[in-house]
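Here's the letter readout for the chains.
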Amino acid sequence: MLELAIAVLIVCAAAIYWYARLFPARWGKVRTAVGLSAPQPTIGKGCGGCSGCDRAGKGGCH
């Protein structure tokens, strides 16, 4: 019986993990509906202040 409970927990954890990976927008709505805070997106610096950037639009940084 314990093995069954552990297997069910593993399957549920895997299902939640893949749901969050495949449907991030819906997962954020589910988290908000449950009362958990959705993770804030990280704002990157980009290449604006980088001296090694190709500002001609032909490539990225470095």
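Quick caveat: nothing in here was measured; it's all calculated off a predicted structure.

Caption draft 1: Focus on the packing of aromatic side chains. With the rule as written, the count across this model stands at three aromatic pairs. Ring centres of Tyr19 and Phe23 lie 5.4 Å apart, and the angle between their planes is 50°; on these two criteria the pair is classed as tilted. Given the relative accessible area of 29%, Tyr19 is considered partly exposed. Using a relative accessible area of 34% as the deciding quantity, one classes Phe23 as partly exposed. On the basis of an interplanar angle of 75° and a centroid distance of 6.3 Å, the ring pair of Tyr19 and Trp27 is categorised as edge-to-face. Chaining the aromatic ring pairs together yields one cluster made of Tyr19, Phe23 and Trp27. Above the face of the Phe23 ring, Arg26 is positioned so that its terminal group lies 4.6 Å from the ring centre.

Caption draft 2: Just helix H2 (residues 24-34), in detail. Taken across its 11 residues, H2 has one buried, putting it largely on the surface. Directly after H2, the chain includes Gly35, whose backbone phi takes a positive value near 110°.

Caption draft 3: Molecular detail of the UniProt feature "transmembrane region" (unreviewed entry) in the protein. Residues annotated by UniProt as "transmembrane region" (unreviewed entry) correspond here to residues 6-23. Between the first and last C-alpha atoms of residues 6-23 the distance is 26 Å; the span itself is 94% helix and 0% strand.

Caption draft 4: Fine view of a nonpolar patch on the surface. On the surface, Tyr17, Trp18, Leu22 and Phe23 cluster together into a nonpolar patch covering about 450 Å² of accessible area. Structurally, the position occupied by Leu22 is in helix H1 (residues 2-22).

Caption draft 5: Focus on the environment of Tyr17. Secondary-structure assignment places Tyr17 in helix H1. Accessibility expressed as a relative area gives 44% for Tyr17, which makes it partly exposed. Between the C-alpha atoms of Tyr17 and Trp27, which are 10 residues apart in sequence, the distance is 9.9 Å.

Rules used throughout
- Residues numbered from 1 in each chain as written.
- Predicted model: local features only at pLDDT ≥ 70, side-chain atom pairs only at ≥ 80, totals over all residues.
- Heavy atoms only, no water.
- Phe/Tyr/Trp six-rings, centres within 6.5 Å; stacked < 30°, edge-to-face > 60°.
- Buried < 20%, exposed > 50% of the residue type's maximum accessible area, 1.4 Å probe, protein only.
- Lys NZ or Arg CZ within 6 Å of the ring centre and 35° of its normal.
- Helix = DSSP H or I, 4+ residues; strand = E, 2+ residues; numbered from the N terminus.
- UniProt positions renumbered as here; feature names shortened; annotations may be inferred.
- Patch = residues over 30% accessible without salt bridge, like charges linked within 9 Å, V, L, I, M, F, W, Y side chains within 5 Å.
- Areas by Shrake-Rupley, 256 points an atom, 1.4 Å probe, with all protein chains shown as cover.
- Salt bridge = Lys/Arg side-chain N within 4 Å of Asp/Glu carboxyl O.

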